[in-house]
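For reference, the chains in residue letters:
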Amino acid sequence: LFILLSLFLIYVLWLGYQLVCFRTYTYEGAERDHLEIRGAYHIHTIYSDGRKYPDRIAQVASRSSLDFIILTDHGLPNRECLASAGWKHGVLVLAGSELSVNRGHLVALGFDPPKEDFSKNAEQAAYQISALKGFSVIAHPYSKVAWSWGKSTGYNGIEIINANTVLKYNILRLVPLSPVLLIKPEYALLKMLSRPQKNLKKWDEINQVQSMFGFYSVDAHFLYRPLLPSLQLHVLLDNPLSSEFEVASRQVYSALRRGRFYNAVDAAAQAQGFRFWAQKGKERLSMGEKTMFNPAITFHIQIPAPFAKEIHLIHNGKEILVTSKDNLEYKAPDSGFYRVEVYLREKSP
């Protein structure tokens, strides 16, 4: 009995130490840029296999200071979910659908409601979504209902991190952390995260053939409070977000469709203010844009956060630069697909 009590005491002390040491890194004086908004993508509600109504989920998002959320209930499409879109509790609630197609699960976003159901053939469904002014994202490509790869033409995005997958495939890691779920569930999520190597490799392969944008997905069915603020899309708008729902939804979907956004693990650190662009003479190229290559193209990366971090510049899937600088200018060595990864280098799970 003494040994068991001693072990339990050691466990409690260890767990308490982990929680005391844990913090989400933020920085003072960061002015809010009204052209950068934050939201959570891939959320399920009571209209399919989620636990809450959209109104309650919007309340959670509002308390987390999110600007928008994107609902993606299962269906071909899910018309109840589509009808729930609108402004709720100061949060822009957008609604798409997660389609079950022959290759796996495909998320449809920003489309005009179809008169008939979407096809269960993946390529045909992607064509139909596009014809209705929408775009599509391949969901959890290597987990749950894994995607069977064929021609990638027609799809606009791919999920790089899927929180539901992270939870399911790392459930054993939760056993010693189970009490943390009641106190600081975001800590438990961070402990289970790892670099999504397989997803990134596939994304890099596809982008050498066609443009496809990467999404961090909460894929929330419950645990909305810790998940929604933990993995965020930071969307860069051309104009401040409109108070009119139709206009605001077009703004967000247009930016996502063009790749004008970046993903962040905001449970680990405040990502606000990250910028990545290319300069070609007087022409400024934003994320998601293409241009004819010339040797005068210079990449610019800015991260205003004062905490320790490491920037990795990736070209066609290969790392070509690693730096800890806050501001970087780098001359493009060759044509191709460029992206950035930023790692927190402070004490963090």
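Our subject is the structure that appears above.
Our subject in this report is the structure included herewith. None of these values were measured; they are calculated from a predicted model.

Along its length, the protein carries 10 helices and 18 strands. Over its C-alpha atoms the protein spans a radius of gyration of 21 Å, differing by no more than 12% from the 20 Å that the globule rule assigns to 349 residues. By principal-axis analysis of the C-alpha atoms, the protein measures approximately 70 × 50 × 40 Å. Within the protein, buried positions represent 51% of all 349 residues. Counting only carbon and sulfur atoms, one obtains 54% of the accessible surface of the protein, whose full area is about 17100 Å². Put simply, the protein has 40 plus and 32 minus side-chain charges, and the middle of one group is 4 Å from the middle of the other.

The next subject is the pairing of strand β15 (residues 309-315). A large share of β15 lies buried, amounting to 6 of its 7 residues. Pairing of β15 with strand β18 (residues 338-344), which is carried by 7 bridges, proceeds in the antiparallel orientation. What sits directly across from H315, in β18, is Y338. Strand direction decides the pairing type here: β15 and strand β16 (residues 318-323), joined by 5 bridges, are antiparallel. Paired with L313 across the strands is L321, a residue of β16. Here β15 hands over to β16 after 2 residues, with N316 in that stretch at a positive phi of 50°.

Ranked by size, the top nonpolar core spans 60 residues in total, and within it I43, I69, L99, L106, Y155 and L228 carry the most contacts. The contact partners of I43, leaving out residues within four places of it in the chain, are I57, I69, I70, L71, T72, D73, V218, A220, Y224 and L228. Residues A278, F299, A305 and F307 belong to the second largest nonpolar core, which totals 24 residues.

Turning our eyes to something else, we now look at the packing of aromatic side chains. Using the criterion set out here, one finds 15 aromatic pairs in the structure. Measuring from ring centre to ring centre gives 5.4 Å for W147 and Y155, while their planes differ by 85°; the resulting arrangement is edge-to-face. Of the two residues, W147 and Y155, both sit in the buried class. Between W203 and F337, the aromatic rings sit 5.8 Å apart at their centres with planes inclined by 70°, giving edge-to-face as the arrangement.

Spatial ordering of the open sheet is given by β3-β4-β2-β1-β10-β11, a layout of 6 strands whose pairing is mixed. Every other strand in the sheet has two partners, leaving β3 (86-88) and β11 (261-265) as the edge strands with one partner each. Here the strands of the sheet are splayed against their neighbours by 30° on average, with no regard to which way each runs. Where helix α10 (residues 245-257) meets the sheet, it contacts β1 (36-43), β2 (68-71), β3, β4 (91-95), β10 (231-236) and β11, and its direction lies at approximately 65° from that of β4.

Moving on, we get to helix α2 (residues 54-63). When we look at burial in α2, the residues that qualify are P54, I57, A58, V60 and A61. Projection of α2 onto a plane perpendicular to its axis shows the buried side chains occupying an angular sector of 155°, all on one side. Contact partners of the buried residues in α2: β1, β2, β3, β4 and α9 (224-230).

What follows concerns the environment of K144. Residue placement: K144 occurs in the loop between β7 (135-138) and β8 (157-162). Sequence-distant contacts of K144, that is, excluding residues within four places in its chain, are made with N164, T165, K168, Y169, D219 and H221. Within the local environment of K144, its side chain forms a polar contact with the side chain of N164, the two groups lying 3.2 Å apart.

One open sheet accounts for 3 strands, arranged β16-β15-β18; its pairing is antiparallel. The open sheet is flanked by β16 and β18, the only strands paired with a single partner. Averaged over neighbouring strand pairs, the angle between their axes works out to 25° when direction is ignored.

With that settled, consider the layout of surface pockets. Taken as a whole, the second largest pocket encloses approximately 430 Å³ of empty space. Lining the second largest pocket are 16 residues, with G110, F111, E246, S249 and Y253 sitting closest to its centre. No other element matches α10, which puts 7 residues into the lining of the second largest pocket. Split into classes, the residues belonging to the lining of the second largest pocket amount to 8 nonpolar, 3 polar and 5 charged.

Once that is clear, we can look at a nonpolar patch on the surface. A surface patch of nonpolar side chains, amounting to about 610 Å² of accessible area, comprises F2, I3, L4, L7 and I10. Topologically, F2 is positioned in helix α1 (residues 2-21). When its relative accessible area of 66% is taken as the criterion, F2 is described as exposed.

Among the secondary structure elements, H312 is positioned in strand β15. Accessibility expressed as a relative area gives 9% for H312, which makes it buried. A distance of 2.4 Å separates the side chain of H312 from the side chain of E319, its partner in a polar contact. Excluding anything up to four places from it in sequence, H312 contacts E319, L321, V322, R339, V340, E341, Y343 and R345.

So, about the pattern of salt bridges. Counted under the stated rule, the structure contains 14 salt bridges. A salt bridge links D33 to R275, with the shortest nitrogen-to-oxygen separation between them at 3.0 Å. In this pair, D33 is assigned in the loop between α1 and β1 and R275 in strand β12 (residues 275-280), connecting sequence segments 242 residues apart. Residue classification places D33 among the partly exposed positions, given a relative accessible area of 32%. E123 is paired through a salt bridge with R103; the nearest N and O atoms lie 2.7 Å apart. With E123 in helix α4 (residues 122-131) and R103 in the loop between β5 (97-101) and β6 (104-109), the pair connects residues that are 20 residues apart, well separated along the chain. Note on E123: relative accessible area 27%, which makes it partly exposed. Taken together, the salt bridges that share partners define one network made up of R195, D204, R339 and E341.

Quick notes on the rules
- Residues numbered from 1 in each chain as written.
- Predicted model: local features only at pLDDT ≥ 70, side-chain atom pairs only at ≥ 80, totals over all residues.
- Heavy atoms only, no water.
- Helix = DSSP H or I, 4+ residues; strand = E, 2+ residues; numbered from the N terminus.
- Rg over C-alpha atoms; globule rule 2.2 N^0.38 Å.
- Buried < 20%, exposed > 50% of the residue type's maximum accessible area, 1.4 Å probe, protein only.
- Areas by Shrake-Rupley, 256 points an atom, 1.4 Å probe, with all protein chains shown as cover.
- Lys, Arg positive; Asp, Glu negative; His and termini not counted.
- Charge placed at Lys NZ, Arg CZ, Asp CG, Glu CD.
- Pairing = 2+ DSSP bridges.
- Core = buried A, V, L, I, M, F, W, Y, C linked by side-chain atoms within 4.5 Å.
- Contact = heavy atoms within 4.5 Å.
- Phe/Tyr/Trp six-rings, centres within 6.5 Å; stacked < 30°, edge-to-face > 60°.
- Axes fitted to C-alpha atoms, helices over the stretch in contact; angles between N-to-C directions.
- Arc of directions from axis to C-beta.
- Polar contact = N/O pair within 3.5 Å; in protein donor to acceptor, adjacent residues only side chain to side chain.
- 1 Å grid on protein atoms, 1.4 Å probe; cavity = no way out; pocket = protein on both sides within 12 Å on 5 of 7 lines; lining within 4 Å.
- Points joined across faces, edges and corners; volume = space filled by probe spheres on them.
- Nonpolar A, V, L, I, M, F, W, Y, C, P; charged D, E, K, R; others polar.
- Patch = residues over 30% accessible without salt bridge, like charges linked within 9 Å, V, L, I, M, F, W, Y side chains within 5 Å.
- Salt bridge = Lys/Arg side-chain N within 4 Å of Asp/Glu carboxyl O.

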